[in-house]
Structure formats: C-alpha cells, structure tokens
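Spelled out, the chains give:
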Amino acid sequence: MLEGLTIIIGVTIVLGIVITATSRDDRFLMVSGMMFAAFGVTALFWVAKAVGPYLRVSEGIGWFYRPLANLPEWIGYAGIATTALLWTVAVAFLVDDFVHLPRRKGGSH
C-alpha cells in the first residue's frame, strides 16, 4: 500500500515538472506546475516523517523513506509555505489573465 502511495506522489511530482516545462509563455500554467511539484515533494516528506520511523531499511521501500524521515521538520513547513505562496501567485495570474482576456481576444476593452 505504501508503494502505491509513493507511486501516486511520484506521478504528482513528475506531472508538476512536466506542466512547468511545457507551459511555454503561460505564467499561470508555469506557476501551477511548480505548485503541483512543490505539493508532491511536501506530501512525500510528510509521509516519510509519518511512516519512516516504523520501517526497517531492509523492508520494501524503507531504504527510500528512512533518510527522508531523518530530515528536520522545518523542511516540511517550508514546503507548505512554498505551496501556499505559489497557489497565491497562480490565483493572481489567473485573475490577471481573466481581466485582460477581452483585450487579448480583440474585444471592445
């Protein structure tokens, strides 16, 4: 079950990186991809903090989670703050795109 969760979180991180890399000139997509990747890394860290102490290095995916579980807790809080900041910036870019959409599409404004 932990392996499945790890795969889902890994796909989240990779998807965020791919969205960021392929965003081209779209600021909202770029920041959203970075937010998605930061959220995935933060989720991976907190899962490691929760299950790492109970895993042996030799059992299954313990080799991956044990080193992450030994990192300081402030890294997780920094990840949460980064994700929240990127979400705020993404919303600002979305509102900016929405406000300027009529002008870009050749509207009356």
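Because the structure is a prediction, the values reported are computed rather than measured. (Residues numbered from 1 in each chain as written. Predicted model: local features only at pLDDT ≥ 70, side-chain atom pairs only at ≥ 80, totals over all residues. Heavy atoms only, no water.)

*Asks:* Tell me about helix α1 (residues 2–21), and name the residues and values.
*Replies:* Taking 1.5 Å as the rise per residue, α1 with 20 residues should run 28 Å; its terminal C-alpha atoms sit 29 Å apart, in good agreement. L2, T6, I9, T12, I13 and G16 are the residues of α1 that are buried. All buried residues of α1 fall inside an arc of 120 degrees around its axis, so they share one side. Residues of α1 that are exposed and angled more than 90 degrees away from the buried face: I7, I8, V11, V14 and A21. (Helix = DSSP H or I, 4+ residues; strand = E, 2+ residues; numbered from the N terminus. Expected span 1.5 Å × (residues − 1). Buried < 20%, exposed > 50% of the residue type's maximum accessible area, 1.4 Å probe, protein only. Arc of directions from axis to C-beta.)

*Asks:* An account of the packing of α1 against helix α2 (residues 27–51) is requested, with residue identities and associated values reported.
*Replies:* It is the contact of α1 with α2, at a shortest axis distance of 7 Å, that shows an interaxial angle of 155 degrees. By the angle between their axes, α1 is roughly antiparallel relative to α2. For the pair α1 and α2, the sense of crossing is left-handed. A breakdown of the residues in the contact of α1 with α2 according to their chemical character gives 18 nonpolar, five polar and no charged. (Axes fitted to C-alpha atoms, helices over the stretch in contact; angles between N-to-C directions. Parallel < 35°, antiparallel > 145°, perpendicular 65-115°, else oblique. Left-handed = near helix turned anticlockwise from the far one by under 90°. Nonpolar A, V, L, I, M, F, W, Y, C, P; charged D, E, K, R; others polar.)

*Asks:* So, unusual backbone geometry: which residues are in play, and what are the values?
*Replies:* Non-glycine residue R24 carries a positive phi angle of around 60 degrees. Inspection of the secondary structure assignment puts R24 in the loop between α1 and α2. Residue classification places R24 among the exposed residues on the basis of a relative accessible area of 78%.

*Asks:* Outline a nonpolar patch on the surface, supporting the account with residue identities and numerical values.
*Replies:* On the surface, a cluster of nonpolar side chains totalling about 540 Å² of accessible area is made up of W87, V91, V95, F98 and V99. Positionally, F98 belongs in helix α4 (residues 74–104). Judged by relative accessible area, which is 65%, F98 ranks as exposed. (Patch = residues over 30% accessible without salt bridge, like charges linked within 9 Å, V, L, I, M, F, W, Y side chains within 5 Å. Areas by Shrake-Rupley, 256 points an atom, 1.4 Å probe, with all protein chains shown as cover. Salt bridge = Lys/Arg side-chain N within 4 Å of Asp/Glu carboxyl O.)

*Asks:* Outline the packing of aromatic side chains, supporting the account with residue identities and numerical values.
*Replies:* The geometry of an aromatic ring pair comes down to the distance between the two centres and the angle between the two planes. The tally for this structure, following the rule as stated, stands at four aromatic pairs. With a centroid separation of 5.8 Å and 70 degrees between ring planes, the pair formed by W63 and F64 is classed as edge-to-face. According to the relative accessible area criterion, F64 is partly exposed, its value standing at 28%. By way of ring pairs, the aromatic residues F45, W46 and Y77 are connected into one cluster. (Phe/Tyr/Trp six-rings, centres within 6.5 Å; stacked < 30°, edge-to-face > 60°.)

*Asks:* Just give me the short version of the environment of V41, but keep the residues and values in it.
*Replies:* Relative to the helices and strands, V41 is located in helix α2. Through-space distance from the C-alpha of V41 to that of T83 is 9.9 Å; in sequence the pair is 42 residues apart.

*Asks:* How would you sum up the nonpolar core? Please name residues and give values.
*Replies:* Judged by nonpolar contacts, L2, I9, I13, L44, V47, A48, L55, I61 and Y65 together constitute the single largest core of nine residues. Elements supplying a minimum of two residues to this core: α1 and α2. Residue contacts for I61: discarding those within four places in its chain leaves L2, E3 and T6. Ranked by size, the runner-up nonpolar core spans five residues in total, among them V31, M35, L86 and A90. (Core = buried A, V, L, I, M, F, W, Y, C linked by side-chain atoms within 4.5 Å. Contact = heavy atoms within 4.5 Å.)

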